[in-house]
Amino acid sequence: MASRRFPDSGTRYVQRPNGDQATNGVITYYLDPACQNRAPVYVERGTDTPDPDDALLNSSTHLDGYGGQVDFRGPTDDTDVLYAIVDNGPIIRVAAAPEPRLRSLESAVESLLPGGNGEAATVADLASVTDEVATLAATVATIPGALPPVTYLDAYNNFFGGVPWVTGQGNTATTLSAPAAQGATTLTVTSATGLLNGVLLVTGAGTAAQQLLTITNVASNVLTVSPAVGTALANGATVAPVWTNSSHITWDSVGGSKAYGYWVANAKRADGSYVISGGPGQTVVWLGDSWTAEALTEFNAELDARLGATNVVNAGVPGNKLSQMIARFSTDVAPLNPDYVVLEYGVNDVYQGVTAATMAAELEAAVALCRSVGAAVVLPGVPPLSDYPAQSRDRNVELRGQTAGPDFPSVTAAGLADRLAPTPRNASSVRFGDGAQPLATGVNNTAVGSNAQALLTTGVNNTAIGKDTQAKITTTNYSTAIGQGTQFNATGGFNTGIGALSQFSLTSGVGNIGIGYGAQYSPATVTANASTTASYQTCIGYQAGQAGTAQDDRITTIGYQSVASGAASTAVGSQSSATVSGASAFGATAAATAGNTLALGYGATASHLGAVAIGRDSSGTSAVSAANNDFVLGTANHVVQVPGTLRLPAATTAKSSLRIPHGAAPTSPVDGDMWTTTAGLFVRINGVTRQVTVT
């Protein structure tokens, strides 16, 4: 019968226990990891059918002159791994070379991906895809043995419960301050800070007692949860929220990553058998993006506890889409001859606007590649994303439907036709960069940069330059954004954003101008962006923008962390603030905090209705208004110089006077000083104090 060829490229060379490369010696092969049962191996003669007469004596080969293992044939095609001892040294795991037909599959997969290099698929591309998939499936079917199964675990519903991350939730574990019996629906915790309705909790993370509970109500430190507690919890038990942000599961030692890994590793079929059986000699390759690359390090212990001596390989690369995982399959997966491939993907595909049709076609290709090397496929599925709720839900529904049939992958043209509709586009729009404008249907749009205008649909005359610029823009018109992350959530029109994260969460507002890093996004480090729906704001400078959470139109802020709130307020100068409608502040740290006020000068404060405060003295004291309609020029220690003539209006029955200091005489008067006391009016002239007689 046919037999697999050994070794693969990863075990070609042999090292001795001291690290030196072995250049001679005898290698003896065994069937079991304990090296008790010799493996019948055969001379490599370039044929799939070994001759029993070619069996090697004592199941042994010799190293070649370079310390490498010579090619040979294993017992059967069902044998993917052998175990070897070199000159009584340590046990070495030797994997068979990948199925030769995989090479032909790789070229088929490459042509399968619509458009290639992230470009849009044409109608011709999509028409050819179904034929490629059918050819690919036919090739896979010729590989000996039954096709390995594909299991969809549905993280969207079965792990996360379809609840997206809750905005504003905490990410710190707490503990129970009272025990919770089996069947309880409330938990009393030491701190409920950041624990909100909809937050997913885990107790006993990564153990057989693991439970996932969703908060349905918070009253002080008492949480109502669903479902009811399945395993009693002791006082002091750890309770941890699962999410930390909108795109990644918690990477910590008590929460989500351990729970997620345990959930995948312990998944069972309807008959009670484990989806991943595991055990000595088996290999699980976890192929994915940053969820795999980072989180797998946290739940390795949980995998080891359940899977025993299973070889678990972390093949996660942050930022990867499914097409990128396929591109590295031949180097990161195939040489390992895995028994299982956990294919974790979808978050980056959703973020970068990969269409449902492309994701479906790429999944067919990825599953075919896994099966070509004899690996069963486990698909955790796309999680619910709070910033892309509709897209993540739709991708999950499509994925669940795609994997539901017994004949997955859907290898016929008819099976893929309904998922391979061409993406509408308009010839008048221009795009450069991976993932730029993948969904654009509007006209006269220009996108330059990875993921620029990724979700643009019907908008017209928009310009985006920079990675993730206007990434979630949908229907806006006549908007211009330059800089990474600029106008990330924009839907309003006629907006201009220049600078990284400028107008980051702007939504329906129109006619806004934001220039500078973080302008109209986190003004003066106020992280809750206040410029979501306001219009006609002009904000120029690092973290310049609106001070409060109300939506105020027509504000103007210019300068480092300058902020304004209240309609038509204006703040100009580093860290200046005008926080009431009609207020104006000019100068570094100047503050106008009451209606229709003016603060002019470094640190000047106008805090009463209609007041004007101007100036700051040499001692560091600023002008501060003391009453409504007050006009404060300088301070008590501030010399006000009037180089020209100070002219007062003629006296009227109302008021027109010049008020000079009255009371005690100054201790050190200088020429030109004038004051009054109960004794009369005095003036200092030529070093002499004279009393002025008024007749």
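Residues numbered from 1 in each chain as written. Predicted model: local features only at pLDDT ≥ 70, side-chain atom pairs only at ≥ 80, totals over all residues. Heavy atoms only, no water.

## Some points on the nonpolar core
Stated precisely, the cut-off is as follows: Here, the term nonpolar core denotes a set of buried Ala, Val, Leu, Ile, Met, Phe, Trp, Tyr and Cys residues that are joined through side-chain atoms within 4.5 Å. Each residue's exposure class comes from its accessible area (1.4 Å probe, protein chains only) as a fraction of the maximum for that residue type: buried when under 20%, exposed when over 50%, partly exposed otherwise. Here a residue-residue contact requires only that any non-hydrogen atoms of the pair lie within 4.5 Å.
Judged by nonpolar contacts, the single largest core of 40 residues is most densely connected at Phe 159, Phe 160, Val 242, Ile 249 and Ile 276. When near neighbours in sequence (up to four residues on either side) are disregarded, Ile 276 contacts Val 264, Ala 265, Val 284, Arg 306, Leu 307, Tyr 340, Val 342 and Val 378. Counting residues in hydrophobic clusters, the runner-up holds 28 residues, among them Tyr 152, Val 285, Met 359 and Leu 369.

## Digging into the packing of aromatic side chains
Put simply, the rule is: Working definition: a ring pair exists when centres of Phe, Tyr or Trp rings (six-membered ring for Trp) sit within 6.5 Å. Plane angles under 30 degrees give stacked, over 60 give edge-to-face, the rest tilted. Where helices and strands are cited, they refer to DSSP runs of H or I of at least four residues and of E of at least two residues respectively, numbered from the N terminus.
Taken as a whole, this structure holds 12 aromatic pairs when the rule is applied. Relative to Phe 160, the ring of Phe 159 lies with its centre 4.7 Å away and its plane at 90 degrees, an arrangement referred to as edge-to-face. Overall, the relative accessible area of 2% leaves Phe 159 in the buried class. Plain terms: the ring middles of Phe 159 and Trp 263 are 5.3 Å apart, the flat faces sit at 45 degrees to each other, and that makes the pair tilted. Of the two residues, Phe 159 sits in helix α3 (residues 155-159) while Trp 263 sits in helix α4 (residues 256-265), which places them 104 residues apart along the sequence. Side by side, Phe 159 and Trp 263 carry an identical accessibility label, which is buried.

## Remarks on the pairing of strand β39 (residues 688-692)
The cut-off we apply is this: Pairing between two strands is assigned when DSSP locates at least 2 bridges connecting them.
Where strand β38 (residues 680-685) meets β39, 5 bridges bridge the pair, whose relative direction is antiparallel. Each residue of the ladder has a partner; that of Arg 684, found in β39, is Thr 689. Counting the residues in the hairpin turn of β38 and β39 gives 2 residues, including Asn 686, whose phi is positive at 50 degrees.

## Description of helix α9 (residues 356-372)
Note on helix geometry: an α-helix contains 3.6 residues per turn, so any two residues three or four positions apart are oriented the same way. Condition: Here the expected length of a helix is defined as 1.5 Å per residue gap, with one fewer gap than residues.
If you check α9, its first and last C-alpha atoms are 24 Å apart, about what 17 residues at 1.5 Å a residue would give, namely 24 Å. Most of α9 sits out of view: 16 of its 17 residues are buried. Positive phi appears at Gly 374, one or two residues downstream of α9, with a value of about 80 degrees.

## Observations concerning α4
Within α4, 10 of the 10 residues are buried, leaving the element largely enclosed by the surrounding structure. Among the residues making up α4, those that are buried are Gly 256, Ser 257, Lys 258, Ala 259, Tyr 260, Gly 261, Tyr 262, Trp 263, Val 264 and Ala 265.

## Topic: unusual backbone geometry
Most peptide bonds take the trans form, and the phi angle of most residues other than glycine is negative. Omega for the peptide link from Ser 226 to Pro 227 comes to 0 degrees, which places this bond in the cis form. Structurally, Pro 227 can be placed in the loop between β13 (222-226) and β14 (238-241). Look at Ala 568: it is not a glycine, yet its phi comes out positive at around 65 degrees. Looking at the secondary structure, you find Ala 568 in the loop between β28 (563-564) and β29 (570-572).

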